[in-house]
Amino acid sequence: MSEPVSYSIHDGIAVVTIDSPPVNAIDQTLRARLKKTFTELRAQAGVKAIVLACAGKTFVAGADIKEFDTGIAEPGYHEVLRLIEDSRVPVVAAVHGTALGGGVEITLACHYRVAHVGARFGLPELSLGIIPGAGGTQRLPRAVALEVALDMMLTGKPMAAGKALEAGLVDSVTEREVLPAAIAFARELVQKGAGPRRTRELSVKGAAAAGELLSATRAKVARTMRNRLAPLALIDAVQAAVELDFDKGLQVESKLSAQLEQATEAKALRHLFYAEREVRKIPGLSPAIAARPIASVGIVGSGTMGGGIAMCCVNAGIPVTLVDAAQQNLERGLATIRKNYQRSVDRGSLRAEQMEQRLALITGSLDYSALTEADLIIEAVFENMALKKEIFARLDAVAKPGAILGTNTSTLDIDEIAAVTHRPQDVIGLHFFSPANVMQLLEVVQAGKTAPDVLVTALELAKRIKKTGVVAKVCYGFIGNRMMDPYGREAERCVLEGATPTEVDSALEQWGMAMGILAVYDMAGVDIGHLTRVARAHSLPKDPSFYRPSALLFDRGWIGQKAGRGYYRYDGAERKRAADPEVIAMLAEEARRLNIPQRKPDAAEIEQRCLYAMINEGALLLQEGIALRASDIDVVYTAGYGFPRYRGGPMFYADTLGLRTVYDGILAFQKTLDPQYWQPAPLLKELALSGSSFAQWQTGQTR
Ligand code: 3H9
């Protein structure tokens, strides 16, 4: 292994190189080597300037996240960065790739910054439940305007080199290789006799108007980043930068960082960081298995899903053939894709020529024979088994040997679909979420006969089209929709017991869900869930506790937003959701008819019932082997179902509560609510009674 930090000196310019693959993350070793290097360079009389650069694909991508699990060891960030900043000769950062978090903070401790035109600067610490704790909260507002600094740290959105130049974060942008450009920049400094420009000695930019900006930002954060600790702590730290001298500000930053690093929020977000990378690793699958090449994709069905999937593919440069049964549908589908892109162009997030390039990659057709060359064909039609089987039989007849056949079903039995083909080994589930061009999650459903290289290809494709692919096995609803079922059942049960839809959804939203489940039903269409339940009625228990009142809404045509009413009314131009007294009366009447006692569950009970039901189903999925890991379930829920990331996902959340608490809660519901319905999953029982957790169980399974 090469030295993580090395240096060489040519003509008075020292080049310090960080080389710690894969992303030059800073850990204790790297800090110690940087300390040693800069201490040595201080003693070298002939050194007139220093360039700090990185080997490999990127500049430092931040602190090594794993170190937060054990605590930051000496030497600390403040000490090492201070040493760099204290250099008597100018230090120039040479940035390529993505300088993230601690990476940006190192560049701020350097005196000047030269960036490759493709470089980006981002401070994603809030997404890990922490703040830029290596002096970032104090130095960034001294390098760029306070408003820009706050925005960078609150959104975490990386800033492109050109913008960074405008903002004053970098001094020079080059289209050439960055290292020679930075060396030339350093030489110029030496020739001009320019000394160090220490960020800490600059004053905060925009300090005069800071009071108003900070209080407006604080109010916005309290509203939009509910239940979070780190964003408010960030504003406290920035306020310290405005009001205190640099060293005192740094002390405030340290104190806040130490508190945040130990909080559940940071642990939950770190858990997801690891979990989102773990999903790509499939136990038992040899790393030698190569993915099949995917140079072109066919999509059957040009509706909302098919169109969204087509956009995902062409966004990644993969040509798409979109096939529909009717010319009218195809035209409508293609027009919708253009309209979606046009919206991005109008917003300024896409250039008009990029839109045209992407549209040019899509070919529409009414003929399945247009799919003969496709490496992957994804069926995205209406959720109907007979229709899907018919399509797969036709695809089997036209697709070339080795082509992968994917279905976008969200609930149906993929083994049954695969069985109509002569190549079940090439069939896989690719469950995109609507709108597919926006939603992060892709459930990759491995059917009974899916070949390992087909699975590997699907996971690679997910990465290529910038989705988080999570593997599930076949069962009704796979991971996401199956767990949604008992969660939604509980919410609908609560409205039958006298809580209003607003009370149910508010309880869930206050807890952190992006949207209450009843509002989700309205958005997705009450008819979708209802008709799915009707279609599988034969396999559902006849027990009245499985009855769902959305049937009443369906019967009246109140099928959600598209009908202007569902659990709520959506009136006026804005179609904002509003309570519907008629629905509330209808539910009360139904409860009387069914003899359901009116207990009016409060927010705490609603939250517990919905979440415990979801967690219990998650435990069943684990013991049945539908989900490979508890952390995979957490990724599904945070990436696809609006589960709050700062709670880590349902299974992590259960662990933070303690599985005994969840288990006892379920037993209590069994007594007070419904002895038949509330049955703790055997795995939950086993782990709860032995004092274990889903995380520990997972470690045992993957060992
Ligand atoms: C911070 O800096 C705090 C400071 O302000 C304060 C300190 C007091 N640490 O994502 P990839 C691993 S907070 C450890 O697949 P890509 C990753 O786990 C930090 N490991 O590659 C994976 O390992 P494996 C702020 C890290 O090309 C491998 O590298 N920084 C780290 O798709 C490849 O990663 C961030 O939040 C890390 N920081 O994307 C940046 N980063 O192969 C987080 C990566 O064993 N990182 N690894 O699974 C990223 O956003 C992406 O990794 C990056 C590359 C865009 C850099």
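Refer to the preceding data block for the structure.
This write-up is about the structure you can find in this document. Owing to the predicted nature of the structure, the values given are computational and were not obtained by experimental measurement.

1. Regarding the overall build of the chain
- Each helix and strand counted, the chain has 30 helices and 19 strands in total.
- Against the 2.2 N^0.38 benchmark of 27 Å for 703 residues, the chain shows a C-alpha radius of gyration of 28 Å, consistent with a compact globule.
- Projected onto the principal axes, the alpha-carbon positions of the chain cover approximately 90 × 60 × 55 Å.
- Buried residues in the chain amount to 54% of all 703 residues.
- Partitioning the contacts of the chain with sequence separation of at least 6, the portion at a separation of at least 24 is 74%.
- Total accessible area on the chain stands at roughly 29,700 Å², and carbon and sulfur atoms take up 54% of it.
- Placing the 80 positive and 79 negative side-chain charges of the chain at their respective mean positions leaves the two points 2 Å apart.

2. Section: the site of the ligand
- For the ligand, the set of nearby residues contains 28 residues, the closest of which are Ala61, Ala63, Gly102, Glu105 and Glu125.
- Here a nitrogen atom of the ligand sits 2.9 Å away from a polar atom, N or O, in the main chain of Ile65.
- When the free accessible area of the ligand is taken as 1,000 Å², the share hidden by the protein chains comes to 76%.
- If you list the elements that add at least two residues to the shell around the ligand, you get α4 (102-109) and α12 (264-278).
- Here the residues of the shell around the ligand are counted per class, giving 15 nonpolar, four polar and nine charged.

3. A closer look at empty space enclosed by the protein
- In total, this model carries two cavities of 30 Å³ or more according to the counting rule given.
- The calculated volume of the largest cavity comes to roughly 50 Å³.
- Every residue lining the largest cavity is listed: Tyr521, Gly525, Val526, Gly529, His530, Arg533 and Ser550.
- When residues in the lining of the largest cavity are grouped by element, the largest group, four residues, is from helix α22 (residues 526-535).
- The residue makeup of the lining of the largest cavity, split by class, is two nonpolar, four polar and one charged.

The rules behind these values
Residues numbered from 1 in each chain as written. Predicted model: local features only at pLDDT ≥ 70, side-chain atom pairs only at ≥ 80, totals over all residues. Heavy atoms only, no water. Helix = DSSP H or I, 4+ residues; strand = E, 2+ residues; numbered from the N terminus. Rg over C-alpha atoms; globule rule 2.2 N^0.38 Å. Buried < 20%, exposed > 50% of the residue type's maximum accessible area, 1.4 Å probe, protein only. Contact = heavy atoms within 4.5 Å. Areas by Shrake-Rupley, 256 points an atom, 1.4 Å probe, with all protein chains shown as cover. Lys, Arg positive; Asp, Glu negative; His and termini not counted. Charge placed at Lys NZ, Arg CZ, Asp CG, Glu CD. Near = heavy atom within 4 Å. Polar contact = N/O pair within 3.5 Å; in protein donor to acceptor, adjacent residues only side chain to side chain. Nonpolar A, V, L, I, M, F, W, Y, C, P; charged D, E, K, R; others polar. 1 Å grid on protein atoms, 1.4 Å probe; cavity = no way out; pocket = protein on both sides within 12 Å on 5 of 7 lines; lining within 4 Å. Points joined across faces, edges and corners; volume = space filled by probe spheres on them.

Without other data, these values stay purely geometric and don't point to any function.
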